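# Summary of structural features
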Amino acid sequence: MFKRKGLALGLSLGAVMAASLGFQVFVYPKLRSHFQANAGAGRDRSGRPSASGFLSCSTMQARVRDFLKSHYMYRRFDEELSKRTYQRYFQILDPGKNFFLAEDIAAFAAFETKIPDFLQKTDCNFIADIFALYLKRMDESVRTIGEILKTPMDFTIDEKLETDRKKVTWAKDDAERKERWRKLLKFTALNMRETEKDWNVISNRVNKRYALFKKSMQEKSSDEVNSLFLNAFATSLDPHSQYMAPQDQDEFRVAFSLQLVGIGASLTQQDGYTTVESLIPGGAASRDGRLQKADKIIAVDAGDGNGFVDVIDMDLNKVVQLIRGQKGTLVKLQLLRKDALTNETKRELIELERDIVHLADSEAHSDVMTIQGKKIGVINLPSFYIDYQGSKSGKTDFLSSSNHIDREIKKLNNQNVDGIILDLRRNGGGDLDECLRLTGFFIDKGTVVQVQNRDGSVESKDDPEEGVRYKGPLAVLISKQSASASEILSGAVQDYGRGLILGNSRTYGKATVQSVIDLPGSGGRESDGAFKVTISKFFRPSGRSNQVEGVPSDIQIPDVFEEQRSEARVKSSKEFKPIFAAIEKASKEKDNTEVSLKAPEKPLAETADHSTSGQKIAANNSVGMAQTTVAGAGKGKTSPVAAGKSGSKGKSDDPNMVIRPDDEQLREAGSILVDSIELLGGKQDWTK
């Protein structure tokens, strides 16, 4: 998590932050300072009216300096950063490689290493020139689209479309680009045929949508174009740095209001596809159980009577706007999903009801399960959250993860549990101080994390309180979604030998700290936006780094097992057999990224479950953060779609349902903890 001068952001929506930042980050108050911005105005090279001036060419150099003043690694805009910035700018404009030709990339190749010189001279012509060519190629492509759609397509032919944009190169000529468009349009039309059979209606809708997309790009201000470029620079530093324009900054603030409306999914845009990054704990989609992580949303029916809108290559903000709506209304999503067992890419159709989600749903909760006669308490912690305003009020019961964990530990102690599992599988991180305090609940004293600053100095962040809140048998359950602050806690527990780390083979593998710094407004504006920059690295108490490799599990579930009881139990369990089969199948066919363009024998609409009876499934997006990170870089550009409660009794990530009946991994973790308790002869104090 982070704190910003003049803006305190609570972290009760951990999954929302996981969406906007990839995971939560944290900063130190001493780094919460403002940089002065230069105002600027004028007209761009095409003669369009001047924009608001928050990111004119004269300001670009100052913004670049802002990043380099704080970034933990980079000090100067050198040739290597220039090359990466150049490449990322093209990726941002054309992530699917559908517009530019190979000759275009070659034509601007001389600019690759010259960007710092251009900015030094306050010369942004190259940015405008590339964007102007982009608009020209878009105009050509829209005409090509119109030509292709004049003829109805044959959906009986079994041909494939490559969905992994990394495997696609720039088209060598117009003919190759036209063939690429033909397949993409066929894929779009195939999706639309689920609800519309008339080819003329389909072609007219698709033509209109691309015309609107072209219009929206033509209407981009110079500020907006410069913002795209500045994000190309920011993400060339590292995947977690980014620039936020004022409108994105406003949306970012909205994300932390007391209630949100949406479908309960954190979305990211990768290579032109809007992809489900995660399901927000307590949100409608997680309660409903049908929407899954890594689903690609390829079309949205907002329920406004216009039918499905193809959202491939659509700006994420616009996708979010389609999903937004009034409480109680329905939204339909067409999905592209890779089957875990067959490894085939298939299309799915789901319908969700828009509703409200309360942030309290993302608080820590606990429950108790009985295994082999032992009572095992389970605490689900979705994030390291805190109400900063409440913490400053002098009250002791303000909303925070540490206060809530303290509450849950007391409840479990009163129930005389034999051990506790801290479930961090969906925890993307959070506030540093909360992490330090919470880790101190389980260790008596000592270093929790070491931080290496930009100047190379190392700070030791220690347990802030003497004593512990819980001394008994402890296990921390992790996954590859456990990141940042979750990795700090897990690493400390492991380094001090305080408990067992169980779950996936390792955590996410992020060991950097980001700071979000507001930019003071100019020209009468309250703000000129903000920038998020990676300011330092952190290390475990032992000095090891979590970067990339993460915190390894002591015992993996269900991959490779190091304890005989667990290995035998899992191998003989019928519940784990489909998991092993899926792992084996996926490992054999992991490179299969093509989708069929042949119409299925049975329409998706006949297989989709449209029942919303008794459900409160959500939808109005809390915030559109499409510009806060960038497509084609790191996690991709992201935006949370928040959501509300549901009465669905299917699989659930509802944080209030701490122990789900289908959660075999959690139950196996409980069995391992019970085994450990017995192997240690019932030892009660695990801090010694």
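Further up the page is the structure itself.
So, how was this worked out
- Residues numbered from 1 in each chain as written.
- Predicted model: local features only at pLDDT ≥ 70, side-chain atom pairs only at ≥ 80, totals over all residues.
- Heavy atoms only, no water.
- Disulfide = S-S within 2.5 Å.
- Helix = DSSP H or I, 4+ residues; strand = E, 2+ residues; numbered from the N terminus.
- Pairing = 2+ DSSP bridges.
- Contact = heavy atoms within 4.5 Å.
- Axes fitted to C-alpha atoms, helices over the stretch in contact; angles between N-to-C directions.
- Expected span 1.5 Å × (residues − 1).
- Buried < 20%, exposed > 50% of the residue type's maximum accessible area, 1.4 Å probe, protein only.
- Arc of directions from axis to C-beta.

### Points about the state of the cysteines
Taken as a whole and judged by the stated rule, the model has one disulfide. With a sulfur-sulfur separation of 2.1 Å, C57 is cross-linked through a disulfide to C124. The S-S bond linking C57 to C124 shows a torsion near 90 degrees; that makes this disulfide right-handed. Pair noted here: C57 is in helix α2 (residues 57-70) and C124 is in the loop between α5 (115-120) and α6 (125-148), with a separation of 67 residues, a long-range link.

### Digging into the sheet that holds strand β10 (residues 365-371)
Within the open sheet, the six strands sit side by side as β10-β11-β12-β15-β16-β19. Their pairing is mixed. At either end of the open sheet lies a strand with only one pairing partner, and these are β10 and β19 (555-556). With seven bridges connecting them, β10 and strand β11 (residues 374-380) associate as antiparallel partners. Paired with H365 across the bridge in β11 is N380. The sheet contacts of helix α20 (residues 664-679) involve β10, β11, β12 (419-423), β15 (474-478), β16 (500-503) and β19, and relative to β10 the element is tilted by about 65 degrees.

### Points about helix α8 (residues 199-218)
Along its 20 residues, α8 runs 28 Å from first to last C-alpha, staying within 8% of the 28 Å computed at 1.5 Å per residue. Every buried residue of α8 is listed here: W199, I202, S203, V206, R209, Y210, F213, K214, S216 and M217. Take α8 and look down its axis: the buried residues cluster within an arc of 165 degrees, on one side only. Away from its buried face by more than 90 degrees, α8 exposes N200, N204 and K208.

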